[in-house]
Amino acid sequence: MGLYKNAASEVQINGFRSTPIPIRSSIRQGCPLSMQLYTLCLNPLLHKLDEELAGVRIGRGRVKTVTVAYADNVTVLLTTLDDVQKLQDILHTYE
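Residue numbers run consecutively from 1 along every chain, following the written order of its sequence. This being a predicted model, a pLDDT of at least 70 is required before a residue's local features are given, and a value of 80 or more before pairs of side-chain atoms are given or counted; all residues contribute to the totals for chains, interfaces and linings. The basis for every side-chain value is the complete set of heavy atoms in the structure, and neither hydrogens nor water enter the calculation.

## Some details on a nonpolar patch on the surface
- Patch criteria: residues need more than 30% relative accessible area and no salt bridge. Like-charged residues are merged within 9 Å; nonpolar side chains of Val, Leu, Ile, Met, Phe, Trp and Tyr are merged within 5 Å. Under the convention used here, a 1.4 Å probe and the Shrake-Rupley method define accessible areas, while residue burial counts only the protein chains that appear. Salt bridges are defined by distance alone: a side-chain nitrogen of Lys or Arg within 4 Å of a carboxyl oxygen of Asp or Glu. Together, Ile27, Leu33, Leu37 and Leu40 make up a nonpolar patch on the protein surface, roughly 350 Å² of accessible area in all.
- As for its position among the elements, leucine 40 is in helix α1 (residues 34-52).
- For each residue, the accessible area found with a 1.4 Å probe, counting protein chains only, is set against the maximum for its type, and the residue is called buried under 20%, exposed over 50%, and partly exposed in between. Note on leucine 40: relative accessible area 61%, which makes it exposed. A run of DSSP states H or I qualifies as a helix once it reaches four residues; a run of E qualifies as a strand once it reaches two. Both are numbered from the N-terminal end.

Right, dumping it as structure tokens:
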């Protein structure tokens, strides 16, 4: 919490800096905690998506694919209109 108490950022354009902009949410770029926090939040989200959504079956395999996650990108594969609402509800829980 000490890293983010009264945190602010400035924008620099053509050598001129803006007035400080208070940071009220998010994680600052380059913060050493960002990867740990991302991992702690991402794993439960991916499991929930896998449990709740139909996903797609690739080839003749029995294994379904719901998400493709790499680094800080997540792609969700939806096949039904019901899954759109389910996805919105799940994301609302994790936002």
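From this point, things continue past the structure.
## Thoughts on the pairing of strand β7 (residues 67-70)
- With four bridges connecting them, β7 and strand β8 (residues 73-76) associate as antiparallel partners. Within β8, the residue paired with tyrosine 70 across the bridge is asparagine 73.
- Adjacent in sequence and paired antiparallel, β7 and β8 are bridged by two residues, among which alanine 71 carries a positive phi angle near 55°. When DSSP finds at least two bridges between two strands, those strands are taken to pair.

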